[in-house]
Amino acid sequence: MRFWWLMLGTVAMSVSLGGWWTMQKAQPQSGEKGDLFPFVLPWDDATPSVTNISHWLHKPAGKFGHIRIGADGHLYAGKQRIRFLGVNLCFGACFPRKEDSEKIVARMAKFGINIVRFHHMDMQEFPNGIRRRGVPHTRDLDPEALDRLDYLIAQLKRNGIYVNLNLLVSRPFNAADGLPKEIEQLGWKERHIVGFFYEPCLELQKEYARKLLTHRNPYTGLTYAEDPVVAFVEINNENGLVHAWLGGDIDQMPRVFQDDLQRQWNAWLKARYGTTEKLCKAWGVKEEPLGNEMLRNTNFEAGLQGWVLERHAGAEATAEVVAEPIPELKGLRFVRINVTKLGQAGWHVQFHQPNLKVQPDRPYTLSFWARAERPCTISVGISQAHEPWQNLGFSAEVKLTQEWREYRFTFTLNKGDDNARVIFTNLGAQTTTYWFAAPSLRPGGIVGLAANEAP
């Protein structure tokens, strides 16, 4: 039964906007005739039939008050449990002509649809969106769009269909809204991240919410904030500040927004912890001056002495030291590893230096320069150089590009070993060429913070 509803709900959404479908019989068996035949679902059909279940809906929607969450975590309309079968209306579909609204809504109700999500209303000007026509900013609602929306929602309510209003989905904030011109350097989705912390952008979102939710629908006599037909209000679609940080979007923001977020973050840290000592203790930050170099032959002056290129399972690769002048490396030699044949796994080609003595619970700083023939991801870590070859507490993925770049990691190990190794692995994931220079492993550094951070 549930699948049947979903199928019909999808069809109802499609045909309500004027579409029609052509269906084909199952592939005929031998001797059968395999004709195509038209299967037409009129977009404006709401006639009584075995498929008309509109009588199951609450009429009007909201007759039992606002939708609420019960003590058991389920949704309720009054004292009754309620389940929603919904469809999206997007862009200009949110604002049909009034003469079409009644037919569209009746068609939805026939198939038991009991909620409509108004999505992407804010991206464009009317008739493709709710924003006012002919102005450079995005702050005003178009009167005709609002009137059409009001009438459509009134029809939904009368037919027992609830409403889900989306506030921020695809609105392209711009400088004409009173924001710094740098906002236009971001994609429309990235502009919404700014509103999680930047007050002027947040105020623009509040302004839009007030204009929409406190607007009084003349066809119902209620504002959208008052009307129980509105079951849900979505504030910011598919977005989050932590999500944006993890995805690297914060790092790509113009400085005007980064500086404001940095200011607020530092103020929060100071209010929460009071002193640097308390912050370091709470975050497990360990700081130790950098000690002596632990790796041997870091400039490859002795060729590949001390370094091992491993190949397994038929993988083929070569390593050679190169002494070409590279501006970024300031005259340093580097090693070029050319993978010509793959094994059965990426780790079947690896480059490492063994015979290192490491201790647990103290900071270490590993750094190196690298690039690849084409963008790719390798792994670097500290592991045993003997059976059972266990990782000792540090492993990281490294995204290489075609340009020379320095990589730096500070970490503590959870195990010590008298024969450990620095290992670059997953080199056998593709046939390509890698370059490595200036590898370094030294005790010390700051653990608990990123390389460009300080307590």
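The coordinates are above.
Here's what I pulled together on the structure shown here. (Residues numbered from 1 in each chain as written. Predicted model: local features only at pLDDT ≥ 70, side-chain atom pairs only at ≥ 80, totals over all residues. Heavy atoms only, no water.)

What the rule picks out here adds up to 22 salt bridges. Between Glu 144 and Arg 133 there is a salt bridge, with its nearest N and O atoms 3.3 Å apart. Taken together, the positions of Glu 144 in helix 3 (residues 143–158) and Arg 133 in the loop between strand 7 (115–119) and helix 3 put the pair 11 residues apart, joining distant regions of the chain. For Arg 133, a relative accessible area of 40% corresponds to the partly exposed category. When salt bridges that share partners are traced, they join Arg 133, Asp 142, Glu 144 and Arg 148 into one network. (Salt bridge = Lys/Arg side-chain N within 4 Å of Asp/Glu carboxyl O. Helix = DSSP H or I, 4+ residues; strand = E, 2+ residues; numbered from the N terminus. Buried < 20%, exposed > 50% of the residue type's maximum accessible area, 1.4 Å probe, protein only.)

What follows is about the nonpolar core. Ranked by size, the top nonpolar core spans 42 residues in total, and within it Phe 118, Met 121, Ile 130, Leu 149, Ile 153, Leu 156 and Leu 212 carry the most contacts. Among the secondary structure elements, those contributing two or more residues to this core are strand 6 (86–90), helix 2 (98–110), strand 7, helix 3, strand 8 (162–166), helix 5 (199–213) and strand 9 (230–234). Top element by residues in this core is helix 3. It accounts for 6 residues. In this structure Phe 118 touches Leu 89, Cys 94, Leu 149, Leu 152, Ile 153, Leu 156, Val 163, Asn 164, Leu 165 and Asn 166, once residues within four positions along its chain are discounted. (Core = buried A, V, L, I, M, F, W, Y, C linked by side-chain atoms within 4.5 Å. Contact = heavy atoms within 4.5 Å.)

What follows deals with a nonpolar patch on the surface. Where nonpolar side chains cluster on the molecular surface, the patch consists of Val 242, Trp 245 and Leu 246 and spans about 380 Å² of accessible area. Residue placement: Val 242 occurs in helix 6 (residues 241–246). Overall, Val 242 belongs to the exposed group, its relative accessible area being 55%. (Patch = residues over 30% accessible without salt bridge, like charges linked within 9 Å, V, L, I, M, F, W, Y side chains within 5 Å. Areas by Shrake-Rupley, 256 points an atom, 1.4 Å probe, with all protein chains shown as cover.)

What follows covers helix 2. The end-to-end C-alpha distance of helix 2, which contains 13 residues, comes to 19 Å, matching closely the 18 Å that a straight helix rising 1.5 Å per residue would cover. Gly 112 sits one or two residues past helix 2 and shows a positive phi near 85°. (Expected span 1.5 Å × (residues − 1).)

Attention shifts here to the side chain of Gln 353. Here Gln 353 shows up in strand 14 (residues 349–358). Here Gln 353 falls in the buried class, since its relative accessible area comes to 0%. A polar contact is formed between the side chain of Gln 353 and the backbone nitrogen of Arg 296, at a distance of 2.9 Å. Dropping the residues within four chain positions of it, Gln 353 is found in contact with Leu 295, Arg 296, Gly 306, Trp 307, Ala 420, Arg 421 and Val 422. (Polar contact = N/O pair within 3.5 Å; in protein donor to acceptor, adjacent residues only side chain to side chain.)

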